[in-house]
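# A look at the structure
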Amino acid sequence: MSGQIDELTKKITGTLSVQTLQELAIQSGFCQRRSKMDMLSFLKMVLFDPITMEQPSLDQHCRLFLKDQGKSFCKQALDKRFNSQAVIFLKSLLERCLNHQLTRKLPSVYGDHFSAIRLMDSTEYKLPEALASDFPGFNGDAPKACMQIQFEYDILSSRLKSFDMMGARINDFAYAHPLLDNVHPKELIIRDLGYYRIDSFKKIEARGAYYISRRLPTTKIYECLSEDALDYKTLYQRLKKSRRGYLDMPVYLGEEAKFPVRLIVMLLPAEAVKRRRKKKIYRKNAHPEIYDYLQYMNVFITNVPDTMLSVNQINDLYRIRWQVEIMFKTWKSILKIDKVRKMKSDRVKCYLLGRFLWILLNWEMYALFNVHTLAAKKMFLSIYKFYAIVKDHVHLLQEHILRQRKMLNSWLKSLLDNVWRFGIKDEKKGRNLIKLLAIR
C-alpha cells in the first residue's frame, strides 16, 4: 500500500505542480502579466475557499488572501480575475486531471468476462435565472437556468470515463448516444432508461460489447414474431407460478424493430414492493394497467448470455448503478454543488470547475483507499463519510498540496488510518455490497 500512496502523491503533486499550472495559465491567457493574484493563489481560492465556507463573497476571499499572503486585494480587482481566461485555465486543468488517472483493477470475477463495466448517470439542479443563457433550463414553470452533470465511470478500474457540465435541455439520450462510438469490445454498458433506445442496443452489439438495462415499461415485447405482445399481467402470472422466483427467456423488443434480447423478470420481496408503492409513479400513472403489476417485479433486458452471467448476477450488477445516485447525493449534501447564489457567469463557472476538481481529487484518494480496504478488511468505504472526513481536514490538505508538498505522502498515510476508523460503510439489511461485486 505504501508504494501505491507514493504513486498517488506523485500524481497529485505532478498534476498540480507549479510548472504545470504555469503552462496552463499561460496557454489559457490567464497569466499575461505579473499580478498579486497568481495562478496558485487563484487555484487555492476556487478549490479550497468554497470548502471551508459556503458560497464565499468577494470580501471574504480578499480577507483570506490578506491573511495567507499578507497582501491586500480589492474586491473589484478580484472580480475581474473571474473571466473567460480563468474558466479556460480551470477547464484545461480539469481535463488534465481526467486524462492522467491511475488505472487500478478491482479484484472481481466480472473482470474475467468484461474489459470494463461502465456506469453512467446524470443529475441536475437549479441555478439563478441570470445564468439562463449559459445554462438553459426549461420552458413553462420549470427553472429557467439549470445545471446538468453527466458522469460515467468504470467500476473495474475505478476510472472516470466522462465528466461534463452543461445546460439541462440536452436529454440523456442525446448526450450519451454519440459516446457509444467510443465503446470497445467486451465492455459492459449499464445505464438508466433515460439513455437507452433500441438503436443504442444495436450500436453496442455492433461494437462487440454488452448492455444491461431495465425495460422501458411501454415498449412491447414478443415471445414469437407471429404472436401478440406479452403484457405485464401475463408475465406476472407466469412469475407467480415459477418456483425459481424469476423468468429468463428470449424475446423480441419493439413493435417495429422486433429486436432479439434476453428478458429477465424477477419477483420483488414484500419490503421492496412496499417502498415502490410509496412512490408516486406507482400510485398514479397514465398506464395503471402496467404499474399495477410492475410494482411487484424488476424487468431487465440484456444481450449478455446466461453462460456468462446468471439472473442473480444481472440483478446484482444493475443494483451497483445506484451507487452513482448515492454519489450525487453526497456531492450535494457535503460539497453543496447545488447551492449557487446570483453572481456573474464566469465566476459561477470557476466555482463549479473548482468543485469538480475537488471531487476528482477526492475520487483519486477514495478509489485507492477503497480498493485497499476491500483487500485488507473485506469492507467498503462510505463515499459520504470519506468526503466528510477529507472536508474536516481540508486545511492540512491545502497546505500540503500548495506549499509543504513533501508532507503530502505522510498525510495520506494518516488519512488512511482515519478513514479506517470512521469511514467504513454501514451495511444495510439485505444489501451486502461485497456479494454484489463478487469480490474474491
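Being a predicted model, the structure only gives us computed values, none of them experimental.

Analysis parameters
- Residues numbered from 1 in each chain as written.
- Predicted model: local features only at pLDDT ≥ 70, side-chain atom pairs only at ≥ 80, totals over all residues.
- Heavy atoms only, no water.
- Helix = DSSP H or I, 4+ residues; strand = E, 2+ residues; numbered from the N terminus.
- Contact = heavy atoms within 4.5 Å.
- Salt bridge = Lys/Arg side-chain N within 4 Å of Asp/Glu carboxyl O.
- Buried < 20%, exposed > 50% of the residue type's maximum accessible area, 1.4 Å probe, protein only.
- Axes fitted to C-alpha atoms, helices over the stretch in contact; angles between N-to-C directions.
- Parallel < 35°, antiparallel > 145°, perpendicular 65-115°, else oblique.
- Left-handed = near helix turned anticlockwise from the far one by under 90°.
- Nonpolar A, V, L, I, M, F, W, Y, C, P; charged D, E, K, R; others polar.
- Phe/Tyr/Trp six-rings, centres within 6.5 Å; stacked < 30°, edge-to-face > 60°.
- Lys NZ or Arg CZ within 6 Å of the ring centre and 35° of its normal.
- Pairing = 2+ DSSP bridges.

### Thoughts on the environment of K75
The residue K75 is located in helix α6 (residues 75-81) in this model. Counting along the chain gives 272 residues from K75 to R347, while the straight-line C-alpha distance between them is 13 Å. Ignoring anything within four residues of it in the chain, the contact list for K75 reads L58, D59 and C62.

### A closer look at unusual backbone geometry
One non-glycine residue, K186, lies in the positive phi region at around 75°. When you line up the elements, K186 lands in the loop between α8 (172-176) and β4 (187-191). We note that K258 has phi near 50°; this positive angle belongs to a residue other than glycine. Topologically, K258 is positioned in the loop between β7 (246-253) and β8 (259-267).

### Let's talk about the pattern of salt bridges
Taken as a whole, this structure holds 15 salt bridges when the rule is applied. Close ionic contact of E152 with R118 constitutes a salt bridge, the shortest N to O distance being 3.0 Å. Placement of the pair is E152 in strand β2 (residues 146-154) and R118 in strand β1 (residues 116-126), with a sequence separation of 34 residues. Accessibility classification places E152 together with R118 in one group, the buried group. For E223, the salt bridge is made with R238, and the minimal N-O distance between the two is 2.9 Å. Of this pair, E223 sits in the loop between β6 (221-222) and α10 (232-241) while R238 sits in helix α10, and the two are 15 residues apart along the sequence. Among the residues examined, E223 registers a relative accessible area of 28% and is labelled partly exposed. The class of R238 is partly exposed, set by a relative accessible area of 32%.

### Side note on the packing of helix α16 (residues 345-377) against helix α19 (residues 408-422)
In helix packing, the relevant descriptors are the interaxial angle and the interaxial distance, both defined with respect to the helix axes. α19 packs onto α16 with a crossing angle of 55° between their chain directions and a minimal axis gap of 11 Å. Classified by the angle between their axes, α16 and α19 sit oblique to one another. Seen along the crossing, α16 lies across α19 with a hand that is right-handed. Of the residues in α19, those in contact with M365, F369, H372, T373, A376 and K377 of α16 are W411, L412, L415, L416, V419 and W420. Its residues assigned to classes, the contact of α16 with α19 shows 9 nonpolar, 2 polar and 1 charged.

### Comments concerning the packing of aromatic side chains
This structure, assessed with the given rule, holds 18 aromatic pairs. Note on Y153 and W363: the rings are 5.1 Å apart at their centroids and 75° apart in plane angle, and the pair reads as edge-to-face. You can see Y153 sitting in strand β2 and its partner W363 sitting in helix α16, a full 210 residues away along the chain. Overall, the relative accessible area of 9% leaves Y153 in the buried class. On the basis of relative accessibility, which here comes to 6%, the residue W363 falls in the buried class. Through pairs of rings, three or more aromatic residues link up here, namely F151, Y153, W363, Y366, F369 and F386. The ring of Y222 carries K258 above its face, with NZ or CZ at 4.4 Å from the centroid.

### Remarks on the pairing of β4
Within β4, 5 of the 5 residues are buried, which leaves the element mostly enclosed by the surrounding structure. Here β4 shows a buried face lined by E187, I189 and R191 and a second buried face lined by L188 and I190. As judged from the 3 bridges shared by β4 and strand β5 (residues 210-214), these two strands associate in the parallel manner. Looking at the pairing, I189 lines up with Y211 of β5.

### Observations regarding the side chain of N409
Note on placement: N409 falls in helix α19. Apart from the residues lying within four places of it in its own chain, the contact partners of N409 are I5, D6 and T9.

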